[in-house]
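# Summary of the model geometry
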Amino acid sequence: MDHLVLTVIAPDQPGLVERIAQCIAAHGGNWLESRMSRMAGQFAGILKVAVPAEGYDELVEGLQALNSQGIRVLVAESGIEPVCTWKPIHLDLVGNDRPGIVRDITRLLAEHGVNLESLTTEVAPAPMSSEPLFHATALLAVPLDLSLDQLQDKLETLADDLMVELNLRSDE
């Protein structure tokens, strides 16, 4: 079995996921995992599919043919999962919205070898003032040699500059 990672984007409409699933099933593929969401009238998703080697080319052609229905699919072969040399840490962040928060946080994380496993962000009105508040939740892959205290100290220094509150927590 070969594994593919698909990125999908299309104008949101009922039946969209069914058309993608039908294409995968019609070519002998198996839908393994996915993350999908609607945002600003668009539907976007990333999914992992297994397909027998003999059906690989036909599946890719079928997925690319969905473009005629307004469904854009980017196909990539799945990579090799690295040996686990990291620990999962959850990050929650909230603060007044301003440009550059994601850039500044991700720069600091990258400088310390921290990888983003998942990231969800939104801007919503504050309960009392209705001022826009930026919220982020992330799952971080933190190198085993970087302590949670070290990472917390680095992020708190940045949080003071950004005027945001953040919380790190481990599953341990």
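Residues numbered from 1 in each chain as written. Predicted model: local features only at pLDDT ≥ 70, side-chain atom pairs only at ≥ 80, totals over all residues. Heavy atoms only, no water.

- Going by an unreviewed UniProt entry, the protein chain carries the name Glycine cleavage system transcriptional repressor and comes from Aquipseudomonas alcaligenes.
- Under the heading Subcellular location (unreviewed entry), UniProt records this for the protein chain: "Cytoplasm". (UniProt positions renumbered as here; feature names shortened; annotations may be inferred.)

## Concerning the packing of helix H3 (residues 101-111) against helix H4 (residues 148-162)
- At a minimum axis separation of 11 Å, H3 and H4 run at an interaxial angle of 160 degrees. Judged on the interaxial angle alone, H4 and H3 are roughly antiparallel. Relative to H4, H3 is oriented so that their crossing is right-handed. For the pair H3 and H4, the contacting residues are Asp104, Ile105, Leu108 and Leu109 in the first and Leu151, Lys154, Leu155, Leu158 and Leu162 in the second. (Axes fitted to C-alpha atoms, helices over the stretch in contact; angles between N-to-C directions. Helix = DSSP H or I, 4+ residues; strand = E, 2+ residues; numbered from the N terminus. Parallel < 35°, antiparallel > 145°, perpendicular 65-115°, else oblique. Left-handed = near helix turned anticlockwise from the far one by under 90°. Contact = heavy atoms within 4.5 Å.)

## Digging into the UniProt feature "domain: ACT" (unreviewed entry) in the protein chain
- The feature "domain: ACT" (unreviewed entry), as given by UniProt, occupies residues 5-83 and 90-169 in the numbering adopted here.
- Each end of residues 90-169 is marked by a C-alpha atom, and these two atoms are 5 Å apart; helix forms 32% of the span and strand 45%.

## Observations concerning helix H2 (residues 56-65)
- Considered for burial, the residues of H2 that qualify are Tyr56, Leu59, Val60, Gly62 and Leu63. Taken down its axis, H2 places every buried residue within 160 degrees of arc, on the same side. In H2, the exposed positions that point more than 90 degrees away from the buried face belong to Asp57 and Glu61. (Buried < 20%, exposed > 50% of the residue type's maximum accessible area, 1.4 Å probe, protein only. Arc of directions from axis to C-beta.)

## Points about the sheet that holds strand S4 (residues 72-77)
- Strand order in this open sheet of four strands is S2-S3-S1-S4, and the pairing throughout is antiparallel. In this open sheet, the two edge strands, each paired with only one partner strand, are strand S2 (30-39) and S4. Taking each pair of neighbouring strands and ignoring which way they run, the sheet shows an average axis angle of 15 degrees.
- For S2 and strand S3 (residues 42-51), the ladder comprises nine bridges, and the chain directions are antiparallel. Bridge assignment links methionine 39 to a residue of S3, and that residue is glutamine 42.
- Contacts from helix H1 (residues 16-26) reach strand S1 (2-11), S2 and S3 within the one sheet, and its direction differs from that of S2 by about 160 degrees.
- Contacting S1, S3 and S4, H2 crosses the sheet at an angle of about 5 degrees to S1. (Pairing = 2+ DSSP bridges.)

## Things to note about the domain arrangement of the protein chain
- Segmentation of the protein chain into domains returns domain 1 (2-77) and domain 2 (86-168).
- Relative placement of domain 1 and domain 2: their C-alpha centres are 31 Å apart. (Domains from an automatic or database assignment.)

## Some remarks on empty space enclosed by the protein
- Taken as a whole and judged by the stated rule, the model has one cavity of 30 Å³ or more.
- Approximately 100 Å³ is the volume attributed to the largest cavity.
- Residue lining of the largest cavity: 14 residues in total, with Leu91, Ile105, Thr106, Leu119 and Ala136 positioned closest to the centre.
- Broken down by secondary-structure element, the contributors of at least two residues to the lining of the largest cavity are strand S5 (86-96), H3, strand S6 (115-125) and strand S7 (132-143).
- Residue contributions to the lining of the largest cavity peak at five residues, all from H3. (1 Å grid on protein atoms, 1.4 Å probe; cavity = no way out; pocket = protein on both sides within 12 Å on 5 of 7 lines; lining within 4 Å. Points joined across faces, edges and corners; volume = space filled by probe spheres on them.)

## What to know about a nonpolar patch on the surface
- Residues Val102, Leu116 and Leu119 make up a contiguous nonpolar surface patch of roughly 210 Å² in combined accessible area.
- Its place among the elements puts leucine 116 in strand S6.
- On the accessibility criterion, leucine 116 (33% relative accessible area) is partly exposed. (Patch = residues over 30% accessible without salt bridge, like charges linked within 9 Å, V, L, I, M, F, W, Y side chains within 5 Å. Areas by Shrake-Rupley, 256 points an atom, 1.4 Å probe, with all protein chains shown as cover. Salt bridge = Lys/Arg side-chain N within 4 Å of Asp/Glu carboxyl O.)

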